[in-house]
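Observations on chain architecture
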Amino acid sequence: MQTPNDLNQSPIVLKQDSTLIAVIEMSLSSWLVAGMVPSVERQPLKKLAIDENALLKLLHRWREEAEKAGRKIERIAVAFEAGRDGFWLARWLRARGIEAHVIHASSVAVSREHRRAKTDRLDTELLKRAFLGWLRGERDHCKMVAIPTIEDEDAKRPNREREGLVGEQTRIINRMKAALSRLGIRGFNPKMKKAAQRLEDLRTPEDEPIPPNTLAELRRDMERRRLISEQIRQIENARLERIEHAPRHGPHAMVRVLARVIGVGIETADMLVQEVLSRNMRDRRAVARYAGLTGSPDESGTRRREKGLARSGNARVRRGMIQLAWRFLMFQKDSALARWFRARTENARGARKTMIVALARKLLIALWRLVREGVVPDGVVLRPV
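Throughout what follows, the structure given in this document is the object of discussion. (Residues numbered from 1 in each chain as written. Predicted model: local features only at pLDDT ≥ 70, side-chain atom pairs only at ≥ 80, totals over all residues. Heavy atoms only, no water.)

**Description of the overall build of the protein chain**
So the rule is basically this: Only DSSP runs of H or I with at least four residues qualify as helices, and only runs of E with at least two residues qualify as strands; both kinds are numbered from the N terminus onward. Two things to know: the radius of gyration comes from C-alpha atoms, and the globule rule equals 2.2 Å times the number of residues to the power 0.38. Burial classes: relative accessible area under 20% of the type maximum marks a residue as buried, over 50% as exposed, and values in between as partly exposed (1.4 Å probe, protein chains only). Note on areas: Shrake-Rupley with a 1.4 Å probe; residue coverage comes only from the protein chains shown. Residues counted as positive are Lys and Arg, residues counted as negative are Asp and Glu, and His and the chain ends are not counted. Charged groups are reduced to one reference atom each: NZ for lysine, CZ for arginine, CG for aspartic acid, CD for glutamic acid.
Along the protein chain, the regular secondary structure elements total 12 helices and seven strands. The globule rule puts the C-alpha radius of gyration for 385 residues at 21 Å, and the 27 Å found for the protein chain is more than 25% above it. When its C-alpha atoms are laid out on the principal axes, the protein chain stretches across 90 × 55 × 55 Å. Taking all 385 residues of the protein chain together, 41% fall into the buried category. When the accessible surface of the protein chain is summed, it comes to about 22800 Å², and 49% of that surface belongs to carbon and sulfur atoms. For the protein chain, the centre of its 76 positive side-chain charges and the centre of its 49 negative side-chain charges are spaced 4 Å apart.

**Concerning the packing of helix H8 (residues 266–277) against helix H12 (residues 352–373)**
Between two packed helices, what matters for the description is the angle formed by their axes and the separation of those axes. How we decide: What counts as an axis is a line fitted to C-alpha atoms, over the stretch in contact for a helix, and the angles between N-to-C directions run from 0 to 180 degrees. In this scheme, roughly parallel covers angles under 35 degrees and roughly antiparallel covers those over 145, while 65 to 115 is roughly perpendicular and the rest are oblique. Residues are treated as being in contact if the distance between any of their heavy atoms lies within 4.5 Å. The classification used treats Ala, Val, Leu, Ile, Met, Phe, Trp, Tyr, Cys and Pro as nonpolar, Asp, Glu, Lys and Arg as charged, and all other residues, Gly among them, as polar.
Packing of H8 against H12 brings their axes to within 12 Å, and their N-to-C directions diverge by 85°. Classified by the angle between their axes, H8 and H12 sit roughly perpendicular to one another. For the pair H8 and H12, contact is made by Leu 272, Val 276 and Leu 277 and by Leu 364, Leu 367, Trp 368, Val 371 and Arg 372, respectively. Along the lines of polarity and charge, the residues of the contact of H8 with H12 split into seven nonpolar, no polar and one charged.

**Regarding the nonpolar core**
For clarity, the cut-off: What makes a nonpolar core is a set of buried Ala, Val, Leu, Ile, Met, Phe, Trp, Tyr and Cys residues whose side-chain atoms join them at distances within 4.5 Å.
Of all hydrophobic cores here, the largest spans 42 residues; its most connected members are Leu 258, Leu 272, Leu 277, Met 321 and Leu 364. Elements that contribute at least two residues to this core include exactly helix H7 (250–259), H8, helix H9 (284–290), helix H10 (315–331), helix H11 (336–345) and H12. When residues of this core are assigned to their parent elements, the largest contribution, 13 residues, is made by H12. One finds Trp 31, Val 33, Val 78 and Val 145 within the second-largest nonpolar core, a separate group that totals 29 residues.

**Considering the packing of aromatic side chains**
Using the following cut-off: Any Phe, Tyr or Trp ring, taking Trp's six-membered ring, that has another such ring centre within 6.5 Å forms a pair; planes under 30 degrees apart are called stacked, those over 60 apart edge-to-face, and the others tilted. Note on criteria: charge over ring means Lys NZ or Arg CZ within 6 Å of the ring centre, with the direction from the centre no more than 35 degrees off the ring normal.
Evaluated as defined, the whole model comprises three aromatic pairs. Seen in terms of ring centroids, Trp 31 and Trp 88 are 6.3 Å apart; in terms of plane orientation they differ by 40°. Their pairing is tilted. Remark: Trp 88 occurs in helix H2 (residues 88–94) and Trp 31 occurs in strand S2 (residues 31–36); sequence separation between them is 57 residues. Relative to Trp 134, the ring of Phe 131 lies with its centre 6.2 Å away and its plane at 20°, an arrangement referred to as stacked. In this pair, Phe 131 and Trp 134 are both assigned in helix H3 (residues 120–135), three residues apart and thus about one turn of the helix distant. The burial state of Phe 131 is the same as that of Trp 134; both residues are buried. The side chain of Lys 362 reaches across the aromatic face of Trp 340, ending 5.0 Å from its centre.

**Re the environment of Arg 162**
Its location among the elements puts Arg 162 in helix H4 (residues 150–182). Taking the C-alpha atoms as reference, Arg 162 lies 21 Å from Gly 86; in sequence the two are 76 residues apart.

**Some details on the sheet that holds strand S4 (residues 75–81)**
For clarity, the threshold we go by: When DSSP finds two or more bridges between a pair of strands, those strands are recorded as paired.
Spatial ordering of the open sheet is given by S3-S2-S1-S4-S5, a layout of five strands whose pairing is mixed. Each edge of the open sheet carries a strand with a single partner, namely strand S3 (45–48) and strand S5 (99–103). In this sheet, adjacent strand axes meet at a mean angle of 20° when their direction is disregarded. Sheet topology note: the S4/S5 ladder contains five bridges and is parallel. What sits directly across from Ala 79, in S5, is His 101. Sitting on the sheet, H3 is in contact with strand S1 (19–26), S2, S3, S4 and S5, with an inclination near 140° to S1.

**Points about H4**
Owing to its 3.6 residues per turn, the α-helix brings residues three or four apart onto one side. Convention followed: Multiply 1.5 Å by the residue count of a helix minus one, and that product is the helix's expected span. Note that bend, as reported per residue, equals the angle between axes fitted to the 7 residues terminating at that residue and the 7 residues originating from it.
Helix length check: H4 (33 residues) gives 48 Å between terminal C-alpha atoms against 48 Å at 1.5 Å per residue, within 8%. At Arg 157, H4 shows its maximal bend, which comes to roughly 30°, and the proline Pro 158 appears one to four places after that position. Close packing links the buried residues of H4 with helix H6 (212–245) and H8. Count one or two residues on from H4 and you reach Gly 184, which has phi positive near 85°.

**Things to note about H7**
For the record, the criterion: The arc in question is formed by the directions pointing from the helix axis toward the C-beta atoms.
Of the positions making up H7, those classed as buried are His 252, Met 254, Val 255, Leu 258 and Ala 259. Buried positions in H7, seen along its axis, are confined to an arc of 160° and lie on one side of it. Structurally, H7 contributes buried residues whose contacts are with H6, H8 and H12.

**Brief notes about the packing of H4 against H8**
In plain terms, the rule: Put simply, a crossing is left-handed when the front helix is turned counterclockwise from the back one by less than a right angle, and right-handed when it is turned clockwise.
For the pair H4 and H8, the least separation of the axes is 9 Å and the interaxial angle reads 135°. When the interaxial angle is binned, H4 and H8 end up oblique. Note on packing geometry: the crossing formed by H4 with H8 is left-handed. Residues Ala 155, Lys 156, Asn 159, Arg 160 and Arg 162 of H4 lie in contact with H8, whose contacting residues are Glu 267, Asp 270, Met 271, Gln 274 and Glu 275. Looking at the contact of H4 with H8, its residues break down into two nonpolar, two polar and six charged.

**A few points about a positive patch on the surface**
Formally: Note that patches include only residues with greater than 30% relative accessible area and no salt bridge, and the join distances are 9 Å for like charges and 5 Å for nonpolar side chains (Val, Leu, Ile, Met, Phe, Trp, Tyr). We define a salt bridge as a side-chain nitrogen of Lys or Arg found within 4 Å of a carboxyl oxygen belonging to Asp or Glu.
Together, Arg 284, Arg 285, Arg 289, Arg 344 and Lys 362 make up a region of like positive charge exposed at the surface. Looking at which element gives the most residues to the positive patch, the answer is H9, with three residues. Mapped onto the elements of the fold, Arg 289 is located in helix H9. Accessibility expressed as a relative area gives 41% for Arg 289, which makes it partly exposed.

Encoded structure:
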């Protein structure tokens, strides 16, 4: 059985005399590499062009310097912050025998000064201190990000592309409605099948046709919307084909189980599986924390208050779960979770928006247990197999 991810501390005992430690501050134009080389008093700092082979040569050169000073290097540990470059460098280094880690950027403590100095050199010093504490096994110095395989990353692309296309389609429709409103034309639905043919018959309140430039713009927008709608259908059909061809494949089996819950569609099920439920989470608290559905208390002395959602997790999962929670109340009225929600909100004014977040958190944990352990939430109705 695979061990759940626990990335708060290193599972390997640090032998600092035989470990070469390096951190990388990455930017769009260059990499700044800082190292801690055993038996070398200086703290090497090297600026490189974006070249993984040059980085590998630098690490090997530092290892040779340590061995010339009498230290046998048994381990090379490299870390950098999660960012635009993703995880390809960590996979590339690991394939060449280098221990690579990706640091969660928001887990590194920084100075709270209003105008603190910030340079790449100072950032590498912060990363070195945080990474060294993590390697020693001290908790909460920083947190590491689980490095996915390229297949795992690729599996998320259809759902995320569809989300972007749906947003773009909505923007186009809103733009067309705004253009018509400027002419005083209301009540026209650009999403109708024959909307393009009806444009010629539209008249302004002055009984004038749509001006030629605006008409041409509307036609181009309708063509863009038609193309986007076709691309969305292609993504959805391709997903259904993948599930049908390999129904018992790990993520696909989870999607099929989730889609049996009345109120959960195939799109929501696929998003939840690819984004969170297929990850090897440690426990239910880790699941809620990853979705950003936990609170952020502010306690000092006698002051006790809650600042709201932490919003530090996966925004797609958080938005999707809050929407699903409202939908769950409609389709699963007799479930234990729906009864729990109603019992706490029926006599409390203004509590529904707060409690829906708590319901979303409980629902996400219940769905996680459903796909992991097969435990059906109490009172939840499933579709036939």
